[in-house]
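# Architecture at a glance
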Amino acid sequence: MRIPLVRPDRYLTSVLAIEPHALASDGIAGLIIDLDNTLLPRDTSVVPDAFVAWLAEMTARFGVCFVSNNWHERVHEVAAELGVPLVARAVKPLPFAFLRASRVLGLKPRQVAVVGDQLFTDVLGGNLVGALTILVEPLSRTDLPHTLLLRKVEARIMRGMTVEDRREDGL
Ligand SMILES: [Mg+2]
């Protein structure tokens, strides 16, 4: 199935595989990052230490904003703990929250990479506003029932597209 708007520009195992040099050379100056199952495993609700360290590295080089469809207190707590601005109740894939997050970062959407674990929220929304889109594998199998259902459709769309974690020497 070839549907450009729900196909990511990159497909990686996790945020840890994102290469800052490659992003910068693509003209990317900011990251809009999903929380649930991208940085925050749904089964623990705690951001793993490796991701906290990664995030510190990213915020030193890029503008970073979280965009989450979630509205629970926990996502606000996590964003506050990490010192990253959050646009919650985002209603992804609608473009509004991505546009707002871009404004928070002082960037145009095309200067931003949208990073998330879902095609129909993160990737579709990011593509709609003209951002670079990076799909990562979900951190846990636990998710909302409708998300688990959509994962079957995602698997069809992603057929033939494999995780591409970049080679160290490719930069
Ligand atoms: Mg997610």
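Refer to the preceding data block for the structure.
About the criteria used
- Residues numbered from 1 in each chain as written.
- Predicted model: local features only at pLDDT ≥ 70, side-chain atom pairs only at ≥ 80, totals over all residues.
- Heavy atoms only, no water.
- Donors = N, O, S within 2.8 Å, 3.2 Å for Na, K, Ca; no water.
- Buried < 20%, exposed > 50% of the residue type's maximum accessible area, 1.4 Å probe, protein only.
- Patch = residues over 30% accessible without salt bridge, like charges linked within 9 Å, V, L, I, M, F, W, Y side chains within 5 Å.
- Areas by Shrake-Rupley, 256 points an atom, 1.4 Å probe, with all protein chains shown as cover.
- Salt bridge = Lys/Arg side-chain N within 4 Å of Asp/Glu carboxyl O.
- Helix = DSSP H or I, 4+ residues; strand = E, 2+ residues; numbered from the N terminus.
- Expected span 1.5 Å × (residues − 1).
- Contact = heavy atoms within 4.5 Å.

Turning next to the coordination of the magnesium ion. Ideal donor angles around a metal are set by the shape: a four-donor tetrahedron calls for 109.5 degrees, a six-donor octahedron for 90 or 180 degrees. Donor atoms from the polypeptide that bind the magnesium ion are Asp34 (OD), Asp36 (O) and Asp117 (OD), placed at 2.1 to 2.2 Å. Mapped onto the sequence, the donors of the magnesium ion take the spacing D-x1-D-x80-D. We note that Asp34, like Asp36, is buried.

Let's shift gears to a nonpolar patch on the surface. Side chains of Val91, Leu94 and Phe96 sit close together on the surface and give an oily, nonpolar patch of about 310 Å² of accessible area. Residue Phe96 is classed as exposed on the basis of its relative accessible area, which comes to 59%.

In an α-helix, one full turn covers 3.6 residues, which means residues spaced three or four apart are oriented alike. Its 13 residues give helix H6 (residues 145–157) an end-to-end C-alpha distance of 19 Å, which sits within 8% of 18 Å, the value for a rise of 1.5 Å per residue. Taken residue by residue, H6 has Thr147, Arg151, Glu154 and Ile157 as its buried positions. Packed against the buried residues of H6 are helix H5 (119–128).

Let us now look at the pattern of salt bridges. Enumeration according to the criterion identifies 10 salt bridges in this entry. For the salt bridge of Glu77 with Arg74, the shortest nitrogen-to-oxygen distance reads 3.0 Å. Placement of the pair is Glu77 and Arg74 together in helix H3 (residues 73–82), with a separation of three residues, close to one helical turn. Here Asp117 makes a salt bridge to Arg151, at a shortest N to O gap of 2.6 Å. Remark: Arg151 occurs in helix H6 and Asp117 occurs in the loop between strand E5 (112–116) and H5; sequence separation between them is 34 residues. Assigned by exposure class, Asp117 and Arg151 land together as buried.

Geometric values such as these leave the question of function open.
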